[in-house]
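# Survey of secondary and tertiary structure
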Amino acid sequence: MNVPEPSIVLRPPASLGVIGGGQLGRMFIQAAQRLGYRAGVLGAIPDGPGAQVAHWSVVGPPDSLSALRNFAGHAEAVTVEFENVSAPALRWLARTRPVRPGWRTVWVSQNRLREKTFLARNNLPLAPWRPVRTEVELAEAVRGLGLPIILKTADSGYDGKGQVRIDEASQALSAWNQLGRVNCVAEGWVRFASEVSVVVARGADGKALTYPVGLNRHERHILDSTVMPASVGPIVSHEAQDLALAVAQALGTVGVLTVEFFLTIEGRLLINEIAPRPHNSGHLTIEAAVTSQFEQQVRALCGLPLGSTDLAMPASMVNLLGDLWKDGEPNWSAMWNRDPGVKLHLYGKQTAAPGRKMGHLTVLDPDADTALDRAIAARRALIER
Ligand code: AMP
């Protein structure tokens, strides 16, 4: 599984395709275009964040044969912006062109049961967990893990969707019913000191590089801010980067992969989840790193050498959620007046809904904590009237 792939080098202006037309697809396309590639998207809507900036776009679901055929007619190499792409679709595309990450990485990481089983088999550290596919397993999870636990659907969960916390044994059945009695994993509640993540880029030759560790804060289960480098000390940083490399190596991933961790109050790192792609916590690498996570995705896809993952300066990122549009367009002037050094990214989404990621701000500063304070202050200015 982790044997290096044959190296095919695709040079500009080859045409690259990304499956998924959201902001991650958009930023991949922008990175590819900067290097002189043509880049296009297979997305659900004609004017999504990716399609708006693409050289070409195909509209349709990623598992429709006609949409895939059309997409395959344009794309000399294929990557993905999310993990819910069918493995058979990726295998079919891979018969005639590089597909990175490969179907196996995507298949493992799109289902929490498979992901946890895979990580456990590879002796990678996880929060205590149990599969929940029957009422008997549910009862066993409550008994075996102790309370509280968090029940998560095995498929298609993100940003806290498909999760219920269970505090009392008597709530367990109604919690599982609430999730539709689908296959789930139950996790022991982790008392974490912080949440951190590591973005890894791995080339077709098996060489891999990590970015510095990011320190993440979530609000309502959605990422709110990242600071890089995280102030977790050299030993934890090193260990997190080693674990992330071990995950990428075990999966044999070619491309970019992100590992999210809990750092427990005892100082242990536990893997929360993996994403086989660039990640929200790596967006600040666009300005802060020598090579952004999206450029690494292009480089790995095309068989080019990876670029340096060094940071030019510490940085922070804060997300701009749709809630900021509640009373109309955010006050961009107030933000710029407060801090002209703030870097604004908007994803071109036409409707703002609460919790929807509309854009983000990045701030570079010689001091990481100051970078975060500045980004939060700039975001606060957006709601000044
Ligand atoms: P996830 O979608 O699994 O990344 O979960 C979203 C967020 O919920 C995490 O970033 C944590 O803040 C919280 N969370 C998830 N699982 C646990 C757990 N086992 N213990 C404590 N908090 C959790």
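About the cut-offs
- Residues numbered from 1 in each chain as written.
- Predicted model: local features only at pLDDT ≥ 70, side-chain atom pairs only at ≥ 80, totals over all residues.
- Heavy atoms only, no water.
- Pairing = 2+ DSSP bridges.
- Helix = DSSP H or I, 4+ residues; strand = E, 2+ residues; numbered from the N terminus.
- Axes fitted to C-alpha atoms, helices over the stretch in contact; angles between N-to-C directions.
- Contact = heavy atoms within 4.5 Å.
- Near = heavy atom within 4 Å.
- Polar contact = N/O pair within 3.5 Å; in protein donor to acceptor, adjacent residues only side chain to side chain.
- Areas by Shrake-Rupley, 256 points an atom, 1.4 Å probe, with all protein chains shown as cover.
- Nonpolar A, V, L, I, M, F, W, Y, C, P; charged D, E, K, R; others polar.
- Domains from an automatic or database assignment.
- Phe/Tyr/Trp six-rings, centres within 6.5 Å; stacked < 30°, edge-to-face > 60°.
- Buried < 20%, exposed > 50% of the residue type's maximum accessible area, 1.4 Å probe, protein only.

All right, on to the sheet that holds strand S8 (residues 184-188) then. Overall, antiparallel pairing links the four strands, which are arranged S5-S8-S6-S7 in an open sheet. Taken across any chain shown, the strands that pair with only one partner, and hence form the sheet edges, are strand S5 (129-132) and strand S7 (163-166). Recorded for the sheet is a direction-independent mean angle of 25° between the axes of neighbouring strands. Sheet topology places S5 next to S8; four bridges connect them, and they run antiparallel. Following the sheet pairing, proline 131 is matched in S8 by valine 185. Packed onto the sheet, helix H5 (residues 112-121) meets S5, strand S6 (149-153), S7 and S8 and runs at close to 55° relative to S8.

The next thing to look at is the side chain of glutamate 295. Examined against the element boundaries, glutamate 295 turns out to sit in helix H10 (residues 293-302). If near-sequence neighbours (up to four positions away) are discounted, glutamate 295 is found in contact with Ala31, Arg34 and Leu35.

Quick look at the site of the ligand now. Near the ligand there are 16 residues, and of these Lys152, Gln163, Glu187, Glu195 and His221 occur at the shortest range. For the ligand, an oxygen atom lies 3.2 Å from a polar atom in the side chain of arginine 112. Alone, the ligand offers 470 Å² of accessible surface; in the complex the protein occludes 95% of this. Those elements that provide at least two residues to the shell around the ligand are S6, S8, strand S9 (192-202) and strand S14 (269-275). Looking at the shell around the ligand residue by residue, the classes come out as five nonpolar, six polar and five charged. Two domains each donate at least three residues to the shell around the ligand, and these are domain 2 (128-188) and domain 3 (192-381).

With the rule as written, the count across this model stands at three aromatic pairs. Centre to centre, the rings of phenylalanine 192 and phenylalanine 262 are 5.1 Å apart; their planes meet at 10°, and the pair counts as stacked. Linking phenylalanine 192 in strand S9 with phenylalanine 262 in strand S13 (residues 255-264), this pair joins segments that are 70 residues apart in sequence. A relative accessible area of 35% places phenylalanine 192 in the partly exposed class. You can call phenylalanine 262 buried: its relative accessible area is 8%.

Bringing the environment of glutamate 140 into the picture now. Position of glutamate 140 among the secondary structure elements: in helix H6 (residues 135-145). Linking glutamate 140 and arginine 130, residues ten residues apart in sequence, is a C-alpha distance of 8.2 Å.

In short, shape yes, function no, at least from these values alone.
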